[in-house]
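The chain contents come next:
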Amino acid sequence: MANIKSAKKRILVAERQAMENKMVKSKIATYIKKFKLAVDANEIDNAKSLLSETVSIIDSAVSKNIIKKGNADRKKSRLASYFDKKISK
């Protein structure tokens, strides 16, 4: 445990930031699950809106340095290809 006051504050700040980052990552995972369920149920309009919402959440996470740009690009690409493959059938 830290003895210096500023170090104690940094520990608290780091814990809070880690919790906020975890919340955003959880939100991304939740929206991806919702999107995949909508696509599997052939709800095309709902899936399109969820895709745009998910992409915007992912982009905001990148701007806050929660996830890396390559990770976000890969997620968005996989979501788009999933949508295209399931809807084209």
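Shown above is the structure to which this text applies.
Reading the values: rules and limits
- Residues numbered from 1 in each chain as written.
- Predicted model: local features only at pLDDT ≥ 70, side-chain atom pairs only at ≥ 80, totals over all residues.
- Heavy atoms only, no water.
- Axes fitted to C-alpha atoms, helices over the stretch in contact; angles between N-to-C directions.
- Helix = DSSP H or I, 4+ residues; strand = E, 2+ residues; numbered from the N terminus.
- Parallel < 35°, antiparallel > 145°, perpendicular 65-115°, else oblique.
- Left-handed = near helix turned anticlockwise from the far one by under 90°.
- Contact = heavy atoms within 4.5 Å.
- Core = buried A, V, L, I, M, F, W, Y, C linked by side-chain atoms within 4.5 Å.
- Buried < 20%, exposed > 50% of the residue type's maximum accessible area, 1.4 Å probe, protein only.
- Expected span 1.5 Å × (residues − 1).
- Arc of directions from axis to C-beta.
- Nonpolar A, V, L, I, M, F, W, Y, C, P; charged D, E, K, R; others polar.
- Phe/Tyr/Trp six-rings, centres within 6.5 Å; stacked < 30°, edge-to-face > 60°.
- Lys NZ or Arg CZ within 6 Å of the ring centre and 35° of its normal.

### Observations regarding the packing of helix α1 (residues 5-40) against helix α2 (residues 44-63)
The axes of two packed helices give the description: the angle between them and the distance between them. As a packed pair, α1 and α2 sit with axes 9 Å apart at the nearest point and diverge in direction by 160 degrees. Judged by the angle between their axes, α1 and α2 are roughly antiparallel. When the axes of α1 and α2 are compared, the crossing they make is left-handed. Between α1, through Val-24, Lys-27, Ile-28, Tyr-31, Ile-32, Lys-34, Phe-35, Ala-38 and Val-39, and α2, the contact on the second element is made entirely by Asn-46, Ala-47, Leu-50, Leu-51, Glu-53, Thr-54, Ile-57, Ile-58 and Ala-61.

### Quick word on the nonpolar core
When a protein is soluble and globular, its nonpolar side chains tend to lie buried together. One finds Ile-28, Phe-35, Ala-47, Ile-58, Ala-61, Ile-67 and Leu-79 to be the most contacted residues of the largest nonpolar core, which totals 18 residues. Counting residues per element, this core draws most heavily on α1, at seven residues. Ignoring anything within four residues of it in the chain, the contact list for Phe-35 reads Ala-47, Leu-50, Leu-51, Thr-54, Leu-79, Tyr-82 and Phe-83.

### A look at α2
Compared with the 28 Å implied by 1.5 Å per residue over 20 residues, the 29 Å span of α2 between its first and last C-alpha is a close match. Along α2, the positions that sit buried rather than exposed are Ala-47, Leu-50, Leu-51, Thr-54, Ile-57, Ile-58 and Ala-61. Taken down its axis, α2 places every buried residue within 135 degrees of arc, on the same side. Facing away from the buried side of α2, by more than 90 degrees, are the exposed residues Asp-45 and Ser-63. Buried residues belonging to α2 abut α1 and α3 (69-88). Asn-65 occupies a position one or two residues after α2 and carries a positive phi of about 60 degrees.

### Regarding the packing of α2 against α3
Where α2 meets α3, the axes come as close as 9 Å, and the angle between the chain directions of the two elements is 175 degrees. It follows from the interaxial angle that α2 and α3 lie roughly antiparallel. Residues Ile-44, Ala-47, Lys-48, Leu-51, Thr-54, Val-55, Ile-58, Asp-59 and Val-62 of α2 form the contact with α3, whose participating residues are Lys-69, Ala-72, Lys-75, Lys-76, Leu-79, Phe-83 and Ile-87. Classifying every residue of the contact of α2 with α3 gives ten nonpolar, one polar and five charged.

### Structural notes on the packing of aromatic side chains
In the structure shown here, the tally under the stated rule is two aromatic pairs. For the ring pair Phe-35 and Phe-83, a centre distance of 6.2 Å and an interplane angle of 35 degrees mean the geometry is tilted. Note that Phe-35 is positioned in helix α1 and Phe-83 in helix α3, a separation of 48 residues in sequence. With respect to burial, Phe-35 and Phe-83 carry one shared label: buried. Here a set of aromatic residues connected by ring pairs shows up, and it is made of Phe-35, Tyr-82 and Phe-83. The side chain of Lys-34 reaches across the aromatic face of Tyr-31, ending 4.9 Å from its centre. Sitting over the ring of Tyr-82, Lys-36 keeps its end group 5.2 Å from the ring centre.

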